[in-house]
Amino acid sequence: MSDWENREKRESRESREDWEKRSTVRVVAPARPRKLAKVPFVELADGRLQGVVSSGSDIERVYVSSVEAGTYAFACSTNNNRPCGGARGSFCNHIRALVGEAVLQYGAERVARSLRVETGDGEPTAAGVTAVMTGARPAPAETRTAATVFSRFLRHLAYLELAPSTAPLPEMQWFPTARAVA
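Residues numbered from 1 in each chain as written. Predicted model: local features only at pLDDT ≥ 70, side-chain atom pairs only at ≥ 80, totals over all residues. Heavy atoms only, no water.

## Concerning unusual backbone geometry
One non-glycine residue, Y72, adopts positive backbone phi at about 60°. With respect to the helices and strands, the residue Y72 is situated in the loop between strand 3 (62-68) and strand 4 (74-78). The class of Y72 is buried, set by a relative accessible area of 8%. In this structure, R137 takes a positive phi of about 50° despite not being glycine. (Helix = DSSP H or I, 4+ residues; strand = E, 2+ residues; numbered from the N terminus. Buried < 20%, exposed > 50% of the residue type's maximum accessible area, 1.4 Å probe, protein only.)

Okay, structure coming up:
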């Protein structure tokens with residue numbers, strides 16, 4: 001073999017090894033364990049805190065709630081696009097529960113940073129983050145993002161139904177590498 005072929009083979013092997021190292025998804029452990037019955041899905045995505053909150057009165061109803069970063073504009077509606085009766089002019093209990101569970105999942109500092117909430121000195125808490133946001137008297141937002149959030153939640157549930165396996169899932173291959181910068 002020529003030097004050129006040896007070098008090409010070595011670079012190909014190094015490239016493959018590098019890809020294998022980068023093809024893993026870093027899993028961030030929750031800040032604290034949380035119960036999934038009340039808020040089964042919460043995420044910090046698309047410049048919002050968003051998620052799905054179970055109804056306290058109807059087992060078949062869930063609410064899709066969100067709070068935008070910076071403006072704290074909020075939205076809450078049922079899974080069939082009916083407006084939340086409690087979200088009239090201020091945060092409803094679904095949004096408060098969402099903030100509380102997000103703090104359990106991601107930690108108060110990360111939630112406050114993502115939503116651009118200045119809680120002052122000391123360690124932020126769910127109550128402190130919520131108080132700052134409600135004190136800003138945010139406006140209701142449109143609920144057009146509810147369908148996307150609910151769809152993500154349903155997709156999340158589909159993965160829970162899969163049998164445990166270490167084999168890669170082809171549809172998950174589009175995720176960025178662990179070292180990618182957002």
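## A closer look at the packing of helix 2 (residues 93-106) against helix 4 (residues 126-135)
Following both chains from N to C, one finds helix 2 and helix 4 inclined at 135°, their axes separated by 9 Å at the closest point. Overall, the two elements helix 2 and helix 4 adopt an arrangement that is oblique. For the pair helix 2 and helix 4, the crossing hand works out as right-handed. On helix 4, the residues that touch R96, V99, G100 and V103 of helix 2 are A126, V129, T130, M133 and T134. (Axes fitted to C-alpha atoms, helices over the stretch in contact; angles between N-to-C directions. Parallel < 35°, antiparallel > 145°, perpendicular 65-115°, else oblique. Left-handed = near helix turned anticlockwise from the far one by under 90°. Contact = heavy atoms within 4.5 Å.)

## Topic: the packing of aromatic side chains
Geometrically, a pair of aromatic rings is defined through the distance of the ring centres and the angle of the planes. Using the criterion set out here, one finds three aromatic pairs in the structure. Arranged with centres 5.9 Å apart and planes meeting at 50°, the rings of F41 and F153 form a pair that is tilted. Taken together, the positions of F41 in strand 1 (residues 41-45) and F153 in helix 5 (residues 146-160) put the pair 112 residues apart, joining distant regions of the chain. Residues F41 and F153 agree in their burial class; the two are buried. Plain terms: the ring middles of F74 and F91 are 5.3 Å apart, the flat faces sit at 75° to each other, and that makes the pair edge-to-face. Here F74 is found in strand 4, whereas its partner F91 is found in the loop between strand 4 and helix 2, with 17 residues between them in sequence. Using a relative accessible area of 5% as the deciding quantity, one classes F91 as buried. By the ring-pair criterion, three or more aromatic residues cluster together here, those being F41, F150 and F153. (Phe/Tyr/Trp six-rings, centres within 6.5 Å; stacked < 30°, edge-to-face > 60°.)

## Points about the side chain of H94
Within the fold, H94 resides in helix 2. Setting aside chain neighbours within four positions, we find H94 in contact with V53, S54, Y63, S65, C76 and C84.

## With respect to the nonpolar core
L49, V67, C76, I95, L115, V117 and M133 are the most contacted members of the largest nonpolar core, which has 27 residues in total. Mapped onto this core, the elements with two or more residues apiece are strand 2 (48-54), strand 3, strand 4, helix 2, helix 3 (108-115) and helix 4. Here this core gets six residues from one element, more than from any other, and that element is helix 2. In this view, V117 contacts Y72, A112, V129, V132 and M133; residues no more than four positions away in its chain are not counted. By size, the runner-up hydrophobic cluster in this structure holds eight residues, among which are V62, V64, A146 and F150. (Core = buried A, V, L, I, M, F, W, Y, C linked by side-chain atoms within 4.5 Å.)

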